[in-house]
Amino acid sequence: MEATAGQAGKTKFQIDLRRYLREDGEDEQLIHLICEIAEASKYIINSIRTGDLGVAGTSNLYGEQQLALDVLSDRILRKRLAQSGVVSNVVSEETADIVFIAPHRTGNFSVAYDPLDGSSLVDVNLAVGTIVSIYRGCDLMQPGTKQVAALYILYGPRTTLVYTTGHGVHEFGMNQLMEYTLLRRNVRMEPKASIYAPGGLRSLYTPGTGKFVRQLESNGVKLRYSGGLVPDFNQILMKGKGVFFYPHLQNAPQGKLRLLFELNPMAFLMEQAGGAASNGRQRILDLVPQKFDERSPFFCGCRDDVAMAEACIREEG
Ligand code: AHG
Ligand code: MN
Ligand code: MN
């Protein structure tokens with residue numbers, strides 16, 4: 001069915017994010033919050049395209065040098081969340097602790113986010129993203145099963161927003177008016193991978209992960225890795241056939257990726273698409289965070305391949 005141009009630039013059959021959320025029966029406050037995050041992404045896009053790529057001269061809690069873009073993106077998103085009127089507390093990869101916006105305000109949301117994941121890839125012009133995890137209430141130290149929404153925005157050749165509120169996974173693309181309109185509803189995973197994205201140094205893999213990689217390769221699964229969690233994850237989700245992992249390493253038993261604002265949102269999205277997400281031994285979403293900056297090993301994608309990873313790790317560690 002040919003879509004015809006309706007209002008300037010907006011084709012007749014384009015469903016925008018707010019309308020889709022409404023038709024999906026989401027509550028108005030959550031719709032407002034998700035749309036505010038979508039709005040903030042426009043300013044993050046602008047800072048990526050034109051902003052200062054230098055260092056901010058500061059480092060985050062993880063000892064990672066903060067780029068000007070990290071700090072700027074964090075400021076853009078945090079300001080938007082604070083002014084939304086529906087957020088109690090926030091925590092981000094760039095904050096040194098949980099930031100209390102309006103803790104007295106019950107019945108609101110708390111948000112954990114990575115304002116610019118893979119920021120060091122911007123200066124080599126590779127894709128990067130924003131990752132967001134949303135809980136109801138004031139407590140950010142809940143297991144991932146308690147999330148009410150998770151989303152990422154991928155700043156690639158196209159800008160796309162992928163979200164779930166627990167009713168499937170839906171993809172939106174930014175049009176020429178910078179509006180997010182529906183591209184795909186109910187994105188689904190197949191049981192077996194055709195690509196794999198292996199994070200971390202291969203020489204530091206434990207025997208179990210090494211065995212997993214050999215099994216993938218013997219099954220003819222091809223390596224596809226950019227070093228950016230959001231584009232690497234998105235490729236697997238949109239193709240429906242893949243597995244991403246950043247495993248426990250001999251010198252880093254908890255791996256690298258952070259539970260609250262990288263792994264829980266990605267795990268929620270992957271499970272909602274019919275995939276799986278594990279720390280190698282148990283479901284990511286069941287992990288109860290002990291500290292807000294907790295890391296975890298991560299195996300995520302097609303169910304059969306995540307199960308294979310868990311079997312290899314059970315057998316060989
Ligand atoms: P961030 O830039 O937010 O610190 O996260 C980068 C992460 C993630 O994007 C990617 O999967 C991982 O770092 C890659 O880590 P290595 O460079 O150690 O492979
Ligand atoms: Mn990150
Ligand atoms: Mn980051």
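Here is a short report on the structure shown in this document. Everything numeric here is computed off the predicted structure, so don't read it as measured data.

## Remarks on the overall build of the chain
Working step 1: A count of helices and strands for the chain gives 7 helices and 15 strands.
Working step 2: The C-alpha atoms of the chain give a radius of gyration of 19 Å, which matches the 20 Å a tight globule of 317 residues would have.
Working step 3: With respect to the principal axes defined by its C-alpha atoms, the chain has extents near 55 × 50 × 40 Å.
Working step 4: Scored against the burial criterion, the 317 residues of the chain give a buried share of 57%.
Working step 5: For the chain, the accessible area works out to roughly 13,100 Å², and carbon and sulfur atoms hold 50% of it.
Working step 6: Averaging the coordinates of the 34 positive side-chain charges in the chain and doing the same for the 35 negative ones gives two points 3 Å apart.

## Regarding the packing of aromatic side chains
Working step 1: By the definition in use, this model includes 10 aromatic pairs.
Working step 2: Each ring, one from Tyr62 and one from Phe261, has its centre 6.5 Å from the other, and the planes form 70°; the classification is edge-to-face. One end of the pair, Tyr62, is in the loop between strand 1 (55-59) and strand 2 (65-67); the other, Phe261, is in helix 6 (residues 259-272), with 199 residues separating them in the sequence. Of the two residues, Tyr62 and Phe261, neither departs from the other in class, the shared state being buried.
Working step 3: Each member of the aromatic cluster is reached from another via a ring pair, and the members are Tyr196, Tyr205, Phe212, Phe245 and Phe299.
Working step 4: Its end group placed over the ring of Tyr62, Arg258 keeps NZ or CZ at 4.6 Å from the ring centre.

## Some words on the coordination of the manganese ion (ligand 2)
Working step 1: Around the manganese ion (ligand 2), the protein supplies Glu93 (OE), Asp114 (OD), Asp117 (OD) and Glu262 (OE) as donor atoms, at distances of 1.9 to 2.5 Å.
Working step 2: One can describe the donor arrangement at the manganese ion (ligand 2) as irregular, given that its 6 donor atoms subtend angles of 58 to 174° at the metal.
Working step 3: Between the manganese ion (ligand 2) and the manganese ion (ligand 3), the interatomic distance is 3.5 Å, and Glu93 donates to each metal, bridging them. Taken together, the residues Asp117 in strand 5 (residues 109-117) and Glu262 in helix 6 connect sequence positions 145 residues apart. Here Asp117 and Glu262 have matching classes, each one buried.

Basis of the calculations
Residues numbered from 1 in each chain as written. Chains lettered and ligands numbered in written order. Predicted model: local features only at pLDDT ≥ 70, side-chain atom pairs only at ≥ 80, totals over all residues. Heavy atoms only, no water. Helix = DSSP H or I, 4+ residues; strand = E, 2+ residues; numbered from the N terminus. Rg over C-alpha atoms; globule rule 2.2 N^0.38 Å. Buried < 20%, exposed > 50% of the residue type's maximum accessible area, 1.4 Å probe, protein only. Areas by Shrake-Rupley, 256 points an atom, 1.4 Å probe, with all protein chains shown as cover. Lys, Arg positive; Asp, Glu negative; His and termini not counted. Charge placed at Lys NZ, Arg CZ, Asp CG, Glu CD. Phe/Tyr/Trp six-rings, centres within 6.5 Å; stacked < 30°, edge-to-face > 60°. Lys NZ or Arg CZ within 6 Å of the ring centre and 35° of its normal. Donors = N, O, S within 2.8 Å, 3.2 Å for Na, K, Ca; no water. Tetrahedral: all angles 85-135°; square planar, octahedral: opposite > 155°, others 65-115°.

Interpretation in functional terms is not warranted from these geometric data alone.
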